[in-house]
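# Coordinate analysis (summary)
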Amino acid sequence: MKSSRQKKLGVETLYDGLISGDKSMLARAITLIESARDEDFEKSEQLITKCLSIKNESLRIGITGVPGVGKSTFIEAFGAHLTHMHKKVAVLAVDPSSSFTKGSILGDKTRMELLSKNENAFIRPSPASDSLGGVTRKTRETIILCEAAGYDTILVETVGVGQSETAVHSMVDFFLLLKLAGAGDELQGIKRGIMEMADAIIINKADGNNLKSVKLAQTEFQRALHLYPPKANEWTPKVLNCSALKNIGIADVWKMMAVFIELTKTNGHFEKNRAAQNKNWFLQSVDALLKHRFYANTATKAKLKVLIKAVEANKMSPFAAANQLVNRAN
């Protein structure tokens, strides 16, 4: 027999727990919306709708960079700085998943040990699985839940393995790219498009013998950013350096973001961007729902098995098989 803690909670109970700031209720609400079960879908939609009615002057920050650049160390130092300023910080850290086993490391709470113990911080590691852009499919919904729970600064950490980061860029207000000095773009696997999306480039590990190369890299990146067309929000991307490990330059990063917020709220672009985020959320939800319903259809499942065997045996081209499957559904 299940204990009261294990029993599924109703929407109202979860909602009341959320708005009271109960971290365990927030965690359970996120688990609900991440569920692939059909019976949980309606409840998660009801919960999200209720949470959308709550006004929260939040800032959504996307943070990307390749493994080894120090994302977790930076987020822990940055999060600690924000909580010291009496802000409530939610970290949505997406862990790499195996495409074979679907397993995930989910070690962010270990890598952010101090921040995870901070009463004004909430860390939620989620497996990236096969989601494009290095963010889990339900990241947008999780952001809404965290904001309803009173978190005013949402940090979304992406996998950062060279995938398209367009997905996270479309759901945040500020897009931060972490870099290292002395490692070329080819080595870091960062594409030009990601630099073009960045609102700021932060060169991490600016300490000790690395300072000279950091200063040089800062100048080079600043020159490179001048080659890109001006941003519609009138913001000029900045290049800063910091040492997350030694907590140097972290305060400057927040000061820079504060200037960005003031500018974009004054010129109206902040709200325009939020409207664009909702539009993208809607369109991607349509795509996800169509895909889910298509593959959930019993007849489609049966036909898919037959066509896969035909393609594997080289009796039919993949395109012809796909065309037949889609036409059958129509």
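Residues numbered from 1 in each chain as written. Predicted model: local features only at pLDDT ≥ 70, side-chain atom pairs only at ≥ 80, totals over all residues. Heavy atoms only, no water.

## Digging into helix α7 (residues 139-148)
Across the 10 residues of α7, 10 count as buried, placing the element largely inside the fold. Within α7, the full set of buried residues consists of T139, R140, E141, T142, I143, I144, L145, C146, E147 and A148. The positive-phi residue at the C-terminal boundary of α7 is G150, with phi of around 100 degrees. (Buried < 20%, exposed > 50% of the residue type's maximum accessible area, 1.4 Å probe, protein only. Helix = DSSP H or I, 4+ residues; strand = E, 2+ residues; numbered from the N terminus.)

## Focus: the packing of aromatic side chains
Scanning the entire structure with this criterion turns up 6 aromatic pairs. Ring geometry for W235 and F260: centres 5.2 Å apart, planes at 90 degrees, overall edge-to-face. On the criterion of sequence distance, the pair formed by W235 in the loop between α11 (211-225) and β7 (238-241) and F260 in helix α12 (residues 250-266) is long-range, its members being 25 residues apart. You can call W235 buried: its relative accessible area is 4%. One aromatic cluster in this structure is built from F74, F78 and W254. The residue whose ring lies beneath K50 is Y15, and the NZ or CZ to ring-centre distance is 4.5 Å. (Phe/Tyr/Trp six-rings, centres within 6.5 Å; stacked < 30°, edge-to-face > 60°. Lys NZ or Arg CZ within 6 Å of the ring centre and 35° of its normal.)

## Let's talk about a nonpolar patch on the surface
A contiguous nonpolar patch, built from F282, L283, V286 and L290 and spanning about 380 Å² of accessible area, is present on the exposed surface. Relative to the helices and strands, L283 is located in helix α13 (residues 269-296). (Patch = residues over 30% accessible without salt bridge, like charges linked within 9 Å, V, L, I, M, F, W, Y side chains within 5 Å. Areas by Shrake-Rupley, 256 points an atom, 1.4 Å probe, with all protein chains shown as cover. Salt bridge = Lys/Arg side-chain N within 4 Å of Asp/Glu carboxyl O.)

## Quick word on the pattern of salt bridges
Under the defined criterion, the tally for this structure stands at 8 salt bridges. In this structure, R124 engages E34 in a salt bridge whose closest nitrogen and oxygen atoms are separated by 3.1 Å. Note that R124 is positioned in strand β3 (residues 121-127) and E34 in helix α2 (residues 23-34), a separation of 90 residues in sequence. The exposure class of R124 is buried, given its relative accessible area of 14%. Residue E141 pairs with K138 through a salt bridge whose shortest N-O separation is 3.9 Å.

## Remarks on the side chain of T300
In this structure, T300 sits in helix α14 (residues 298-312). What makes T300 buried here is its relative accessible area of 1%. Side-chain polar atoms of T300 contact the backbone oxygen of F294, separated by 3.5 Å. Contact partners of T300, with chain neighbours within four places excluded, come to F294, L325 and R328. (Polar contact = N/O pair within 3.5 Å; in protein donor to acceptor, adjacent residues only side chain to side chain. Contact = heavy atoms within 4.5 Å.)

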